[in-house]
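# A closer look at the structure
Next come the chains, spelled out residue by residue.
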Amino acid sequence: MPTVSVKRDLLFEALGQKYTDEEFDELCFEFGLELDEITSEKDIISREQGDEKAEGASDVVLYKIDVPANRYDLLCLEGLVRGLQVFKEKLEAPRYKRVSPADGGEPQRLVITDETASVRPHAVAAVLHDVTFTQERYESFIELQEKLHQNICRKRTLVAIGTHDLDTISGPFTYTAKPPGDIRFKPLNQSKEYTATELMSLYKTDGHLRHYLHIIENEPLYPIIYDSNGIVLSMPPIINGDNCSMLLNLKSVFCVCLQAKTTLDMVVTMFSEYCEEPFTVEEAEVVYPDGRLCVYPELAYRTETLSGDFINKRVGINESAESIAQLLTRMCLRSEVSGEGDLIQVEIPPTRADVIHACDIMEDAAIAYGFNNIVRSTPRTYTVANQLPLNKLTELLRQDLAAAGFTEALTFALCSEEDIADKLRKNIAETRAVHISNPKTAEFQVARTCLLPGLLKTLAANRKMPLPLKLFEISDVVLKDETKDVGARNNRRLCAVYYNKSPGFEVIHGLLDRVMQLLDVKPDRNQGYHIQAAEDSTFFPGRCAEIFSCGKSIGHLGVLHPDVISRFELTMPCSAIDIDIEPFL
């Protein structure tokens, strides 16, 4: 969940009321938020860097509030105050409006060229006209952009936000892409011009911007935005130009968002209240390479219809449609009863991009009603929870294997093809492995078909530990199975390894006997269990046995082949057992 830091006194001033810490904590809970921490800048620096570094820092009280990740409209002081005021019915939800330029002139225009198709081909734009910023408002504006970059923009990989002082630049603007060597400008807070290539080297040591370089670093063309005089507005998603940087005395803000309309709507609606005509946003035109002309921001309202009965049943309350409509209105969703039965017309504003289904509306009704006010009741369906037999058997075996002196390991369910094939001296085509279609790394290419590779890699990582090393794991493997609807099935297996200066076959054999004793399976060729000599490429010739239970093969045990040991970077003998425990349920 994102955490929003707001100054307590500034927050109370905007709310028009002072609260005790306990009262505000309760208000947050009622609104579906959580007051996570009460601190100050001085306390934070003191805690992280020591008291000496904290000297002279501000001791203004800060409220750190946890906000649901999908509530982009609450990521700044303005949106938070607006939401709480509407919730407390001290304010009506504002209606956001797109307007034409006040002087009757042409809207600002952003022209997108063909070259952007290979990097970030979409852009939207809008203007906040005659806006008044104070220091606190300006800081909140910048902070909102950073929160959106980390949240809906997925660390700028999906969307990049650029805001510029419109009084220092002139349209029409051009969004294009050029080779990095052809781009030259003075970036924000720098004293001289750099090429884009030089900027990539410069920001590799920057604690903030270096995290975004990889997004375009290896692209042949870098995105760049110019005004009509050739001034660089920004090189998204990395840095803005210094010539159009925002200052407190600016009057108009030109907002550009690459890739996302929702992000643009969020930025302009949150701060449109500071415009000369509150909650209005001046439109801008975007011309696409194919000639299409679109006007932004959309600020689209839409209407959803759902019944009061739907909400009552799912929340567990019994309210009239009129009462439910009032609850939803308190959550910035203007609602009214349609007059046809208990149907409710709910208007979704552009700030509530999180509402995509009737269940989202139902959730808001539950929040406004108050979760603590919902009467606790016994479910109508009588159910008794119980542990799955397979999991119960697994837990019982774990306890006794640990008591036998073996240490449990939990390894990754995904591994490389080499781990389950080449390193075990097997053919990958014969392993019945489920392959990942787009593996991100070579370490996670397939679902494991046996537990042995994970344990051997664990041994390799702990070679400096005192010998002997005795490890076990009871977990699922994944095997292809055409009889299943998904083409594969899970199989619960037990695997153990003994690593020492001598192979320790007798230790592994003893562990098998102990497991069978726990499972109440007698040593018997027909009705119990037995082992017989077998050949398996993973094991040393003549030192491998196949395990049978009630006449069916359930696994192998033996001394591992030297090639297997060396391929897992081990240097001493190792014996192992691998059995299927599902037949013993």
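Residues numbered from 1 in each chain as written. Predicted model: local features only at pLDDT ≥ 70, side-chain atom pairs only at ≥ 80, totals over all residues. Heavy atoms only, no water.

The name an unreviewed UniProt entry assigns to the chain is Phenylalanine--tRNA ligase beta subunit, from the organism Sinocyclocheilus grahami. Of the comments in the UniProt record for the chain, the one headed Subcellular location (unreviewed entry) reads "Cytoplasm". Regarding the chain, the relevant UniProt record gives this comment under Cofactor (unreviewed entry): "Mg(2+)". (UniProt positions renumbered as here; feature names shortened; annotations may be inferred.)

It is worth spelling out the overall build of the chain at this point. Across its full length, the chain carries 16 helices and 29 strands. Each principal axis of the C-alpha atoms in the chain carries an extent, and together these give about 95 × 65 × 60 Å. Sorting the 585 residues of the chain into buried and exposed places 49% on the buried side. Pairs at least 24 apart in sequence give 68% of the contacts found in the chain among residues at least 6 apart. (Helix = DSSP H or I, 4+ residues; strand = E, 2+ residues; numbered from the N terminus. Buried < 20%, exposed > 50% of the residue type's maximum accessible area, 1.4 Å probe, protein only. Contact = heavy atoms within 4.5 Å.)

Before going further, it helps to examine the UniProt feature "domain: B5" (unreviewed entry) in the chain. Look at the UniProt record and you will see "domain: B5" (unreviewed entry) annotated at residues 299-376. Strand forms 19% of residues 299-376 and helix 37%; the C-alpha atoms that close the span are 40 Å apart.

It is worth spelling out unusual backbone geometry at this point. Working note: non-glycine residues mostly have negative phi, and peptide bonds are mostly trans. In this chain, Pro-236 is followed by Pro-237 through a cis amide linkage whose omega measures 0°. Within the secondary structure, Pro-237 is located in the loop between strand 12 (232-235) and strand 13 (239-240). Of note, the amide linkage connecting Leu-467 to Pro-468 takes the cis form, showing an omega dihedral of -5°. Residue placement: Pro-468 occurs in the loop between helix 14 (452-461) and strand 24 (469-480). Positioned with a positive phi, Asp-520 is a non-glycine residue whose angle comes to about 60°.

Quick look at a nonpolar patch on the surface now. A contiguous nonpolar patch, built from Phe-412, Leu-414 and Phe-444 and spanning about 290 Å² of accessible area, is present on the exposed surface. By the secondary structure assignment, Leu-414 is in strand 22 (residues 414-415). (Patch = residues over 30% accessible without salt bridge, like charges linked within 9 Å, V, L, I, M, F, W, Y side chains within 5 Å. Areas by Shrake-Rupley, 256 points an atom, 1.4 Å probe, with all protein chains shown as cover. Salt bridge = Lys/Arg side-chain N within 4 Å of Asp/Glu carboxyl O.)

Before going further, it helps to spend a moment on the state of the cysteines. Scanning the model with the defined rule gives zero disulfides in all. Note on Cys-153: no disulfide assigned, nearest cysteine sulfur contributed by Cys-257 at a separation of 7.1 Å. (Disulfide = S-S within 2.5 Å.)

Picture the strands of a sheet paired through backbone hydrogen bonds; they go either parallel or antiparallel. The three strands are arranged 1-3-2 in an open sheet whose pairing can be described as antiparallel. Each of the sheet's edge strands pairs with one partner strand only, and the pair in question is strand 1 (3-7) and strand 2 (34-40). Pairwise comparison of adjacent strand axes, ignoring direction, gives a mean angle of 25° for this sheet. As paired strands, strand 2 and strand 3 (residues 61-66) are joined by six bridges and run antiparallel to one another. Within the sheet, the bridge partner assigned to Thr-39 lies in strand 3 and is Leu-62. On the sheet, helix 3 (residues 41-49) packs against strand 2 and strand 3 and is oriented at approximately 80° with respect to strand 2. (Pairing = 2+ DSSP bridges. Axes fitted to C-alpha atoms, helices over the stretch in contact; angles between N-to-C directions.)

A word on helix 14. Of all 10 residues making up helix 14, seven are buried, and the element is well covered by its neighbours. Within helix 14, the full set of buried residues consists of Leu-452, Pro-453, Gly-454, Leu-455, Leu-456, Leu-459 and Ala-460. Residues of helix 14 that are buried sit in contact with helix 13 (417-420), strand 24, strand 25 (488-499), strand 28 (552-560), helix 16 (562-567) and strand 29 (574-580).

The next subject is helix 9 (residues 308-315). Where helix 9 is concerned, the buried positions are Gly-308, Phe-310, Ile-311, Asn-312 and Val-315. Its buried side turned inward, helix 9 meets strand 18 (302-307), helix 10 (321-329), strand 20 (343-348) and helix 11 (358-369). A positive phi of about 90° marks Gly-316, the residue just after helix 9.

What follows covers the side chain of Lys-423. Within the element layout of this structure, Lys-423 appears in the loop between helix 13 and strand 23 (446-447). Within the structure, Lys-423 has its side chain in polar contact with the side chain of Asp-419 (distance 3.4 Å). Residues in contact with Lys-423, not counting those within four places in the same chain, are Glu-418, Val-564, Arg-567 and Phe-568. (Polar contact = N/O pair within 3.5 Å; in protein donor to acceptor, adjacent residues only side chain to side chain.)

We now examine the environment of Phe-271. Inspection of the secondary structure puts Phe-271 in helix 8 (residues 261-271). When its relative accessible area of 0% is taken as the criterion, Phe-271 is described as buried. Separated by 19 residues in the primary sequence, Phe-271 and Asp-290 place their C-alpha atoms 33 Å from one another. Discounting chain neighbours no more than four positions away, the residues touching Phe-271 are Cys-76, Glu-78, Leu-128, Val-131, Phe-133, Arg-137, Ser-140, Phe-141 and Leu-144.

Looking at the element boundaries, Asn-151 is found in the loop between helix 6 (135-150) and strand 7 (160-165). Accessibility expressed as a relative area gives 11% for Asn-151, which makes it buried. Once residues within four sequence positions are removed from consideration, Asn-151 is found in contact with Pro-2, Ala-69, Tyr-72 and Leu-75.

The full count for this structure, using the stated rule, is 29 salt bridges. Glu-273 is the salt-bridge partner of Arg-82, the closest N and O atoms lying 2.6 Å from each other. Residue Arg-82 is found in helix 5 (residues 77-87), and its partner Glu-273 is found in the loop between helix 8 and strand 15 (280-282); the two are separated by 191 residues along the sequence. Judged by its relative accessible area of 29%, Glu-273 falls in the partly exposed class. One salt bridge in this structure joins Asp-419 and Lys-423, with 3.4 Å as the shortest N-O distance. Each of the two residues, Asp-419 as well as Lys-423, counts as buried.

With that settled, the discussion passes to the packing of helix 6 against helix 8. A packed helix pair is summarised by two numbers, namely the angle formed by the two axes and the spacing between the axes. Put simply, helix 6 and helix 8 touch, their axes get as near as 11 Å, and they point 160° apart. Classified by the angle between their axes, helix 6 and helix 8 sit roughly antiparallel to one another. Crossing handedness for the pair helix 6 and helix 8: right-handed. Across from Arg-137, Ser-140, Phe-141, Leu-144 and Leu-148 in helix 6, the residues of helix 8 making contact are Thr-263, Met-266, Val-267, Met-270 and Phe-271. (Parallel < 35°, antiparallel > 145°, perpendicular 65-115°, else oblique. Left-handed = near helix turned anticlockwise from the far one by under 90°.)

What follows is about the pairing of strand 28. Note: strand 27 (residues 539-549) against strand 28, seven bridges, orientation antiparallel. Looking at the pairing, Phe-539 lines up with Leu-560 of strand 28. Between the end of strand 27 and the start of strand 28, which pair antiparallel, lie two residues, with Cys-550 showing a positive phi angle near 55°. Across five bridges, the pairing between strand 28 and strand 29 is antiparallel. In the strand pairing of strand 29, Gly-555 is matched with Ile-579.

Here we come to the domain arrangement of the chain. For the chain, the domain assignment lists domain 1 (3-88), domain 2 (97-296), domain 3 (302-367) and domain 4 (389-584). Relative to domain 3, the C-alpha centre of domain 2 lies at a distance of 36 Å. (Domains from an automatic or database assignment.)

On to the pairing of strand 7. Most of strand 7 sits inside the fold, with six of its six residues counted as buried. Burial of strand 7 is two-sided: the residues Ala-160, Gly-162 and His-164 facing one way and the residues Ile-161, Thr-163 and Asp-165 facing the other way are all buried. When strand 7 meets strand 14 (residues 253-258), the two strands line up antiparallel, connected through six bridges. Paired with Gly-162 across the two strands is Val-256, which belongs to strand 14.

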